[in-house]
Amino acid sequence: MGWTCHLDQADLQEYVEKVLGTGYVVAEVTRMHGGAQKVVYKIHCDNGFVCVLYVWDLTMNYFQEEIANEHDVHERSFGAYSFEMNNRWLREHGILTPALYDLHVHTKQSRYPFDYALVEYIEGQKAEAYVQHPDHRVQDEVLERLGDMIAGMHAHQRQIYGKPDPSEGRRQEPCHLMQLDNAKKQLSYVVLHHAAIRDHHDRLIAILNELESRIDSRKRYGYIHGELGPDHVLVTERFEPYLIDIEGAQFFDTEHEHTFLELRFGESYRYFRPTGLDPNRMLFYRLHHYISLTSGGLKLLHRGFPDPAFARSLADYHARNTLRFIEEWR
């Protein structure tokens, strides 16, 4: 065997046998293109079975500094705790996401200083392939199914926001105030590296504060993915959409999700049929995403992300969105 991954060969084989059975012998391991939050490996067994190994290695996370500064581990959008909780909730409510076969949470006695899991492999393409699909019937089929899934997910509501585990404590302040604080924090990073936005720092703070002041209180929150772009949906050959990268899912303002969908899906946002959305929250979250994604792109660029062209284009695009928002604001 010539493969390598976070687990050495003997340990990975032992883990696969423990979870799947002695008939499963690892034949090949390949690293898949993952995001900035976890490392993903595709595991081929010699009996033809394929699965996926997720590794939450904080030392390889491009936002480890921000995660380390989070006070409440249960509110994180990183790690095995959030993944297992959201995976269980989604599957219990009939929302397609790859099955979790086993989760190994590290302890002080563990050989490896990170959490890892064996997860179902879904054969398919990301939804990006269908947003501009040449066959409009195929595009309609996939995106209408995805729209129905998201509408059904958002329809699950409760009176407190946060992770689905009801035993966890919840903050008392409105959830959008968390995003106001985050927007200001991300802006403080952006102004260090972007002169045009630095020149408008005070104006942006004033706009954020004014947008927040227009938001009325709310007592119902829908279940959202939290970062739902076409790259976080796998589509099978039967046109079934599966949600992936689910660690950030929680009960929250659905406007947070819809402004992100609007941003990431462009013209295809029409498939998501929004209803009952608060226009003041929509404005607020749009600006929040612009600032946050500008900061995120810059951080990836500065922290050695393997695709610097993507990181730079992400930062530049949303910096332009931020500046345009200022120009259009009255």
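Residues numbered from 1 in each chain as written. Predicted model: local features only at pLDDT ≥ 70, side-chain atom pairs only at ≥ 80, totals over all residues. Heavy atoms only, no water.

S.K.: Tell me what's going on with the overall build of the chain, and back it up with residues and numbers.
M.R.: When you go through the chain residue by residue, the secondary structure sums to 11 helices and 11 strands. The C-alpha atoms of the chain give a radius of gyration of 21 Å, which matches the 20 Å a tight globule of 330 residues would have. Judged by the C-alpha coordinates and their principal axes, the chain covers about 65 × 45 × 45 Å. Here the chain holds 330 residues, and 49% of them are scored as buried. Contacts in the chain between residues at least 24 apart in sequence constitute 67% of all its contacts with a sequence separation of at least 6. Total accessible area computed for the chain in this model is approximately 16,300 Å², and 49% of it derives from carbon and sulfur atoms. Distance between charge centroids for the chain: 4 Å, based on 36 positive and 49 negative side chains. (Helix = DSSP H or I, 4+ residues; strand = E, 2+ residues; numbered from the N terminus. Rg over C-alpha atoms; globule rule 2.2 N^0.38 Å. Buried < 20%, exposed > 50% of the residue type's maximum accessible area, 1.4 Å probe, protein only. Contact = heavy atoms within 4.5 Å. Areas by Shrake-Rupley, 256 points an atom, 1.4 Å probe, with all protein chains shown as cover. Lys, Arg positive; Asp, Glu negative; His and termini not counted. Charge placed at Lys NZ, Arg CZ, Asp CG, Glu CD.)

S.K.: Lay out the pairing of strand β8 (residues 221-224) with the relevant residues and their values.
M.R.: As defined by bridge partners, strand β7 (residues 157-158) adjoins β8 across 2 bridges and the pair is classed as antiparallel. Bridging across to β8, R158 finds its partner in Y221. Of the strand pairs in this sheet, β8 and strand β11 (residues 250-252) are connected by 3 bridges, and their pairing is antiparallel. In the strand pairing of β11, G222 is matched with F252. (Pairing = 2+ DSSP bridges.)

S.K.: If you had to explain the sheet that holds strand β4 (residues 100-104) to someone new, which residues and values would you point to?
M.R.: By definition, the strands of a sheet pair up through backbone hydrogen bonds, in either a parallel or an antiparallel sense. The strand order across the open sheet built from 5 strands is β1-β2-β3-β5-β4, with neighbouring strands paired in antiparallel fashion. What marks the edges here is a single partner per strand, and that holds for β1 (26-31) and β4. For this sheet, the mean angle separating the axes of adjacent strands, direction not counted, is 20 degrees. Taken together, the 6 bridges between strand β3 (residues 50-56) and strand β5 (residues 115-120) define a ladder with antiparallel strand orientation. The residue bridging V55 from the neighbouring strand is Y116, located in β5. (Axes fitted to C-alpha atoms, helices over the stretch in contact; angles between N-to-C directions.)

S.K.: Any details on helix α8 (residues 201-213)? Residues and values, ideally.
M.R.: Between its first and last C-alpha, α8 extends 19 Å over 13 residues, near the 18 Å set by a 1.5 Å rise per residue. For α8, every residue scored as buried is listed here: L204, I207, L208, L211 and E212. Down the axis, α8 shows its buried residues gathered within 130 degrees of arc, on one side only. Residues D202 and S213 are exposed on α8 and point more than 90 degrees away from its buried face. The secondary structure elements touched by the buried residues of α8 are α6 (175-190), α7 (195-199), α10 (279-302) and α11 (308-328). (Expected span 1.5 Å × (residues − 1). Arc of directions from axis to C-beta.)

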